Amino acid sequence: GESVGLHLPTLSVQEGDNSIINCAYSNSASDYFIWYKQESGKGPQFIIDIRSNMDKRQGQRVTVLLNKTVKHLSLQIAATQPGDSAVYFCAPSWTGANNLFFGTGTRLTVIP
Amino acid sequence: NAGVTQTPKFQVLKTGQSMTLQCAQDMNHEYMSWYRQDPGMGLRLIHYSVGAGITDQGEVPNGYNVSRSTTEDFPLRLLSAAPSQTSVYFCASSSGTSGRNEQFFGPGTRLTVL
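The rules behind these values
Residues numbered from 1 in each chain as written. Chains lettered and ligands numbered in written order. Predicted model: local features only at pLDDT ≥ 70, side-chain atom pairs only at ≥ 80, totals over all residues. Heavy atoms only, no water. Pairing = 2+ DSSP bridges. Helix = DSSP H or I, 4+ residues; strand = E, 2+ residues; numbered from the N terminus. Axes fitted to C-alpha atoms, helices over the stretch in contact; angles between N-to-C directions. Phe/Tyr/Trp six-rings, centres within 6.5 Å; stacked < 30°, edge-to-face > 60°. Buried < 20%, exposed > 50% of the residue type's maximum accessible area, 1.4 Å probe, protein only. 1 Å grid on protein atoms, 1.4 Å probe; cavity = no way out; pocket = protein on both sides within 12 Å on 5 of 7 lines; lining within 4 Å. Points joined across faces, edges and corners; volume = space filled by probe spheres on them. Nonpolar A, V, L, I, M, F, W, Y, C, P; charged D, E, K, R; others polar. Contact = heavy atoms within 4.5 Å. Buried area = accessible area lost by both parts, 1.4 Å probe. Salt bridge = Lys/Arg side-chain N within 4 Å of Asp/Glu carboxyl O. Disulfide = S-S within 2.5 Å.

**Q** Talk me through the sheet that holds strand 10 (residues 106–111) of chain A; I want residue IDs and the actual numbers.
**A** Residue and element names in this part refer to chain A. Spatially, 2-10-9-4-5 is the arrangement adopted by the five strands of the open sheet, whose pairing is mixed. Edge positions in the open sheet fall to strand 2 (10–14) and strand 5 (45–51), since each of these has one partner strand only. Ignoring strand direction, the axes of neighbouring strands in this sheet form an average angle of 25°.

**Q** I'd like a rundown of the packing of aromatic side chains, residues and numbers included.
**A** The full count for this structure, using the stated rule, is 11 aromatic pairs over all chains. For the ring pair F89 of chain A and F102 of chain A, a centre distance of 6.2 Å and an interplane angle of 80° mean the geometry is edge-to-face. On the criterion of sequence distance, the pair formed by F89 of chain A in strand 9 (residues 86–93) and F102 of chain A in the loop between strand 9 and strand 10 is long-range, its members being 13 residues apart. There is no split in this pair, since F89 of chain A and F102 of chain A are both buried. Grouping aromatic residues by their ring pairs yields a cluster made of Y36, F46, F89 and F102 of chain A together with Y35 and F105 of chain B.

**Q** Explain the layout of surface pockets to me, and be specific about the residues and the numbers.
**A** The calculated volume of the largest pocket comes to roughly 660 Å³. In terms of lining residues, the largest pocket is bounded by 33 residues, among which Q38, G41 and R107 of chain A together with Q37 and R110 of chain B are the most central. For the lining of the largest pocket, the secondary structure elements donating two or more residues are strand 9 and strand 10 of chain A together with strand 9 (87–94) and strand 11 (109–113) of chain B. A per-class count over the lining of the largest pocket returns 12 nonpolar, 15 polar and six charged.

**Q** So, the interface of chain A and chain B: which residues are in play, and what are the values?
**A** Contacts between the two partners involve 22 residues from chain A and, on the opposite side, 21 residues from chain B. When chain A packs against chain B, close to 1,600 Å² is buried across both sides, 49% of that on carbon and sulfur atoms. Contact with chain B buries surface across chain A, with N98, N99 and F102 of chain A losing the most and accounting together for 33% of the total. Between chain A and chain B we count zero salt bridges in total. Residue assignment for the side of chain A that touches chain B shows that the elements contributing at least two residues are strand 4 (32–38), strand 5 and strand 9 of chain A. Here the side of chain A that touches chain B gets four residues from one element, more than from any other, and that element is strand 4 of chain A. Residues of the side of chain A that touches chain B, tallied by class, amount to 10 nonpolar, nine polar and three charged.

**Q** Can you break down the state of the cysteines residue by residue, with the values?
**A** Formally, a disulfide is one covalent bond, and it connects the sulfur atom of one cysteine to the sulfur atom of another. The full count for this structure, using the stated rule, is two disulfides over all chains. Disulfide partner of C23 of chain A: C90 of chain A, at an S-S distance of 1.7 Å. Here the residue C23 of chain A occupies a position in strand 3 (residues 19–25), and C90 of chain A occupies one in strand 9, the gap between them amounting to 67 residues. On the basis of relative accessible area, C90 of chain A is assigned to the buried category, the value being 1%. The partner cysteine of C23 of chain B in its disulfide is C91 of chain B, sulfur to sulfur 1.8 Å.

Dropping the structure here:
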């Protein structure tokens, strides 16, 4: 199975600052990871993904870093905006699994 | 494309009542799934389907039934509702026959069981 934990269940940042959300996973066989954003009252929304053959991937204002040695990944959001306020989930999976496994999430609050 | 749609948005049941949560997608996705989300927790997989006529149990299947007669629809049935089933339910779909890919989520159904 997979146990997914998030460092710091809540995170508050000033608007314009960079945010870093961390995620630890337990299954060393995990080889695919997705970050989701869930705004209040809505379903989760895909942000970015990364496979285990990479250690970094960049999107629009977001960067995901993967450290397989310590089974840790992080989501960095540049120039955080009020619209970034949400709960963020990392969801690992591995070859042979039919599903993603969601952690408890980190609630990001952006202070104007 | 409407994406993934769920009905109803809100529902209140009494203990012992039955109901069906509807889920439909118009993206021709093979994989569909149901999750529940309890306060302060992540999403837990209830049931999933890798194609019409094929369903399987997830992490928390007890008290729920599913069927998949068409590619588009994946209803979730509560046969005898219990207060422990009070939760927000999300349906999701993804292309291919594996849930390892990006999953598209519906807006959710908030269910309260009294």
